[in-house]
Amino acid sequence: MADNNPRLVVATSPFDKGPVDTPAIMRHVLYALAPTTLAAIYYFGLSALLLVTVCAFTCAFTEWLLGGRGSWRDSTVKDSSAIVTGVLLGLTLPPGLPLWMAAVGSAFAIVFGKLLFGGLGQNVFNPSLTGRAFLQAAFPVPLTTWAPYSNLDGFFSLRGDTFALPFLRPEVDALTTATPLALMKFEFLPTDFSALLYGATSGSVGETSAALILLGGAYLTWRRFLNWRIPVAIFVSVYLFASALHMIDAVQFRDGVHHLFSGGLMLGTIFMATDPVSSPVTPRGCWVFGIGVGLLVVIIRQFGGLPEGVMYSILLMNAATPIIDRLTQPALYGSRTGKKDDS
Amino acid sequence: MLKRVKSFRHGVHPAEHKALTDSSPIERVAFPDEVVLPLSQHIGGPSKPVVEIGDKVYRGQVIAEATGFVSVPLHASVTGSVTEIDKHHHPSGRLDEAIVIKVDHNSPQTLFDERTVDWENLSNEELLEQIKQGGFVGLGGAAFPTHVKLSIPEGKRARWLVVNGCECEPYLTSDHRIMLEWADSIFLGIRVLQKILSTEKTYIGVETNKWDAIKSLASRIPPDLDCELVPLETKYPQGAEKMLITAILKREVPSGKLPIDIHVVVQNVGTIAELGDLFAFGQPLIERVVTVSGLGIQNPTTLLAPVGTKLGDILGYCGGVTDDLREILFGGPMMGVPQQFLDVPILKGTSGIVCLTEEQLQERTESPCIRCSSCLEACPVYLDPSTLGALARVAKYDEMLDYHIMDCMECGACSYVCPSNIPLVQRFRVAKGLLREKQTREKQAREEAERAEAAA
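Remember, predicted model here, so these are calculated numbers, not experimental data.

**Focus on the nonpolar core**
Right, so step 1: A:Leu51, B:Ile101, B:Val162 and B:Ile353 are the most contacted members of the largest nonpolar core, which has 214 residues in total.
Right, so step 2: The dominant element in this core, judged by the number of residues it contributes, is helix H1 (residues 22-67) of chain A, at 18 residues.
Right, so step 3: Counting only domains with at least three residues in this core, you end up with domain 1 (1-28 + 110-358) and domain 2 (374-455) of chain B.
Right, so step 4: Those residues in contact with B:Ile101 that lie beyond four places of it in its chain are B:Glu34, B:Val35, B:Leu37, B:Val57, B:Ala76, B:Val78, B:Gly80, B:Ser81, B:Val82 and B:Thr83.

Here is the structure:
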């Protein structure tokens with residue numbers, strides 16, 4: 001009886017708790033990434049598998065080494081967010097990248113993209129993209145060397161200098177091809193739509209199959225772990241802006257569909273622009289953020305020096321997130337009255 | 001006949017646990033040996049005792065009178081003798097003045113002043129006075145004096161009466177049983193309210209997890225009574241006054257205003273049923289229906305108990321508690337108040353007693369906010385709990401005012417959904433308390449300065 005057992009908890013309500021916690025969200029993001037990762041391995045073989053594994057492991061290890069408070073019990077690596085960062089970074093890299101570079105980029109992503117801000121939830125920029133931006137600046141040539149895709153027959157053939165040693169001049173005789181975006185930008189060659197949809201194109205390991213990335217996005221939206229407003233805003237703004245340009249000059253400016261399904265747009269939109277930490281929390285803010293990313297992508301792709309602009313677009317909008325949140329606070333309940341009031 | 005299910009935006013879906021008690025009829029408890037009647041059981045001025053120690057009091061007799069307009073009298077809920085008028089444990093956690101009555105077990109416990117009230121021939125003022133003298137307060141939880149809510153201020157009018165039968169808190173089934181068993185009292189109460197308010201239309205809003213109550217009430221509405229059943233989505237906090245109004249009438253109560261400002265009066269269905277009893281045979285508010293539920297109690301039951309019955313007596317009546325009991329709440333798990341003493345009494349506003357076990361209270365550690373925006377999509381008044389939580393964590397209370405913290409109604413939906421287990425609403429309560437304190441102090445300082453100026 002309670003008389004003899006004074007161990008009653010006296011706290012404040014609520015005393016019930018929803019089933020979802022942060023590690024669960026991270027786990028579901030990994031499930032959603034699984035089809036894309038498997039497709040990457042199908043198209044780019046062992047190189048892709050090693051790349052993603054090394055990134056995930058390095059991120060987790062760095063988080064454990066520097067992010068914990070001394071004990072395993074308090075270690076923040078257990079929430080799996082570092083693994084998500086690693087897998088995402090791996091998916092944005094070219095298949096033939098030397099593994100040591102991937103490891104350096106992963107460590108940078110965790111330390112400079114996340115821990116220096118104060119760890120999970122505190123970072124301004126998406127950590128995966130921070131790591132990739134660093135790699136792009138540090139190693140511009142390997143980061144833009146694209147191995148051709150193949151299928152499972154070539155599983156064990158490496159796509160580049162995967163095992164190159166740090167700071168040795170990489171061999172440059174690896175077989176390379178151009179990505180659909182580069183083909184379009186520099187040679188005005190279109191790529192077949194079905195190839196873009198199923199992923200039979202060259203590019204970063206994870207930006208092959210648009211269909212599988214959308215599948216992952218649909219799963220996360222269904223489980224309500226993804227704010228659908230951001231991808232919708234990006235897709236619509238990219239499509240409309242690109243189509244408008246295309247109507248002006250069909251040779252110089254690609255059509256909207258090609259923009260949507262080529263390059264890193266799908267992967268970046270579904271898995272990085274929607275990173276909750278670095279994107280707005282308010283519903284209207286999500287629209288603003290998505291439209292901003294979409295416009296920047298088309299501007300960089302069509303008018304900038306690079307064939308691809310998804311990474312920088314997202315990072316730029318990440319920087320704008322705090323101000324967007326501030327300016328798009330939801331309209332309070334009861335603040336929209338007036339007209340009907342005097343009926 | 002019944003139209004489509006209505007609802008408000010946002011909100012959460014906690015596990016209901018209502019099956020524990022929703023099929024057992026309301027059961028009257030045996031009179032306990034002693035009842036404790038705190039003078040402060042309602043919002044407003046505490047009642048003032050009119051009896052002394054040693055006095056013999058009868059069930060239904062006034063033992064403390066109202067002090068001012070926003071106050072109600074208190075009645076003896078049992079026949080017996082006054083043994084104590086002193087500080088006593090109050091469910092709010094404070095020590096508060098209370099009248100203790102030792103029950104006379106030889107008394108037949110008949111009502112002190114049993115009578116029918118000829119309400120049809122009374123004026124509105126007389127009806128309101130009857131309700132006030134009956135000690136009526138809202139039984140849904142907030143315990144606001146009923147006659148105050150029914151007194152329409154000059155220049156305003158009540159077009160709609162909304163009867164709140166949502167009972168959106170998990171576990172609680174008091175209103176559910178009342179709607180099934182006391183339909184006639186409810187309809188009588190509605191008639192009286194319609195007369196007082198001269199409303200155009202009456203709605204009874206009930207969540208669809210109580211289809212049996214919706215059907216039974218709808219089939220028993222007297223043909224001459226204008227009143228419509230509205231099925232509402234089972235979602236927390238559907239029973240919050242503002243959410244209920246928005247769900248049924250598609251109107252929002254302006255920030256800082258009351259429902260009457262948009263011509264609506266909301267009353268809890270339990271209050272209305274008790275009002276029906278007042279006008280049927282003159283019974284003041286001396287007993288109420290209380291759900292006793294949770295995995296920590298041996299026999300979950302819906303009880304009819306005298307106001308002032310002590311927690312220990314009620315737990316004993318329900319077969320005692322289980323060994324793994326860890327928490328006893330007055331109210332439901334979302335907004336209930338935890339109790340630490342077995343001698344606290346149930347009040348007029350106590351809708352349920354929920355006993356939670358060790359297993360149901362798994363402790364979770366707080367982790368950083370990942371800005372997932374689940375709380376924004378849960379908040380029924382469209383706040384940004386994510387940003388508010390970040391401000392509260394570093395005690396930037398003044399800045400929280402810019403994010404409308406004072407509009408928070410503390411429903412707890414944000415804390416419920418937060419995947420990082422951040423105690424959001426808990427911190428908001430602290431912030432609101434401190435901000436209110438500060439506002440009071442500033443007002444006092446201003447007034448003092450004005451007085452000093454006037455004197456000089």
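**Concerning the sheet that holds strand S9 (residues 160-165) of chain B**
Residue and element names in this part refer to chain B.
Right, so step 1: On the basis of which strands lie adjacent, the open sheet formed by four strands has the order S11-S10-S9-S12 and parallel pairing. Every other strand in the sheet has two partners, leaving strand S11 (228-232) and strand S12 (264-268) as the edge strands with one partner each. Between one strand axis and the next, the sheet turns by 25 degrees as a mean value, whatever way the strands run.
Right, so step 2: Here strand S10 (residues 201-207) pairs with S11 via five bridges, running parallel. Looking at the pairing, Glu 207 lines up with Leu 232 of S11.
Right, so step 3: Contacting S9, S10 and S11, helix H5 (residues 211-220) runs over the sheet at an angle of about 170 degrees to S11.
Right, so step 4: Its contacts with the sheet put helix H7 (residues 269-281) on S9 and S12, and the angle it makes with S12 is roughly 80 degrees.

**Topic: unusual backbone geometry**
Right, so step 1: Look at the link from A:Ser13 to A:Pro14: it is a cis peptide, with omega at 0 degrees.
Right, so step 2: Note that A:Pro14 resides in the segment before H1.
Right, so step 3: Look at the link from B:Tyr236 to B:Pro237: it is a cis peptide, with omega at -5 degrees.
Right, so step 4: Locating B:Pro237 in the fold gives a position in the loop between S11 and helix H6 (241-249).
Right, so step 5: Residues other than glycine seldom take positive phi values, yet B:His17 does so here, at roughly 55 degrees.
Right, so step 6: Among the residues examined, B:His17 registers 22 C-beta atoms within 10 Å and is labelled buried.

**Considering the interface of chain B and chain A**
Right, so step 1: Each partner contributes to the interface: chain B provides 54 residues, whereas chain A provides 41 residues.
Right, so step 2: Mapped by element, the contributors of at least two residues to the side of chain B that touches chain A are strand S15 (325-330), helix H10 (385-393), helix H12 (413-417) and helix H13 (424-455) of chain B.
Right, so step 3: Top element by residues in the side of chain B that touches chain A is S15(B). It accounts for five residues.
Right, so step 4: Looking at side-chain class alone, the side of chain B that touches chain A contains 30 nonpolar, 14 polar and 10 charged residues.

**Notes on the pairing of S15(B)**
All names here are of chain B.
Right, so step 1: Of all six residues in S15, six are buried; the element is thus mostly enclosed.
Right, so step 2: As judged from the five bridges shared by S15 and strand S17 (residues 352-357), these two strands associate in the antiparallel manner. By the bridge assignment, Phe 330 is partnered in S17 with Ile 353.
Right, so step 3: Both S15 and strand S16 (residues 337-338) contribute to a ladder of two bridges, which runs antiparallel. Following the sheet pairing, Leu 329 is matched in S16 by Pro 338.
Right, so step 4: Between S15 and S16, which pair antiparallel one after the other, the connecting turn spans six residues, and Gly 331 there sits at a positive phi close to 100 degrees.

**Some remarks on the domain arrangement of chain B**
By a widely used convention, the size of an interface equals the accessible area lost when the partners come together.
Residues and elements named next belong to chain B.
Right, so step 1: Domains assigned within chain B are domain 1 (1-28 + 110-358) and domain 2 (374-455).
Right, so step 2: Summarising the inter-unit geometry, the C-alpha centres of domain 1 and domain 2 are found 28 Å apart.
Right, so step 3: In this complex, domain 1 contributes 12 residues to the contact, which on the side of domain 2 involves 12 residues.
Right, so step 4: Tallied by class, residues from the side of domain 1 that touches domain 2 come to nine nonpolar, three polar and no charged.

**Notes on the sheet that holds strand S4 (residues 56-57) of chain B**
All names here are of chain B.
Right, so step 1: One open sheet accounts for four strands, arranged S2-S8-S7-S4; its pairing is antiparallel. At either margin of the open sheet sits one strand with a lone partner, and together these are strand S2 (34-38) and S4.
Right, so step 2: Judged from the five bridges that link them, S2 and strand S8 (residues 95-103) form a sheet pairing that is antiparallel. Bridge pairing in S8 places Leu 37 opposite Ile 99.

**Here we look at the environment of A:Val54**
Right, so step 1: Its place among the elements puts A:Val54 in helix H1.
Right, so step 2: Those residues in contact with A:Val54, other than ones at most four positions away along the chain, are A:Leu99, A:Ala102 and A:Ala103.

**Considering the packing of helix H4 (residues 127-138) of chain A against helix H13 (residues 310-327) of chain A**
Residue and element names in this part refer to chain A.
Right, so step 1: Running from amino to carboxyl end, H4 crosses H13 at an angle of 125 degrees, the nearest separation of the two axes being 10 Å. When the axes of H4 and H13 are compared, the pair comes out oblique. In the packing of H4 onto H13, the handedness of the crossing is left-handed. Side by side, H4 and H13 meet where Leu 129, Arg 132 and Ala 133 of the first sit next to Met 311, Ile 314 and Leu 315 of the second.
Right, so step 2: Of the residues contributing to the contact of H4 with H13, the split by class is five nonpolar, no polar and one charged.

Parameters at a glance
- Residues numbered from 1 in each chain as written.
- Chains lettered and ligands numbered in written order.
- Predicted model: local features only at pLDDT ≥ 70, side-chain atom pairs only at ≥ 80, totals over all residues.
- Core = buried A, V, L, I, M, F, W, Y, C linked by C-beta atoms within 7 Å.
- Buried ≥ 20, exposed ≤ 12 C-beta atoms within 10 Å, placed from the backbone.
- Helix = DSSP H or I, 4+ residues; strand = E, 2+ residues; numbered from the N terminus.
- Domains from an automatic or database assignment.
- Contact = placed C-beta atoms within 7 Å.
- Pairing = 2+ DSSP bridges.
- Axes fitted to C-alpha atoms, helices over the stretch in contact; angles between N-to-C directions.
- Nonpolar A, V, L, I, M, F, W, Y, C, P; charged D, E, K, R; others polar.
- Parallel < 35°, antiparallel > 145°, perpendicular 65-115°, else oblique.
- Left-handed = near helix turned anticlockwise from the far one by under 90°.

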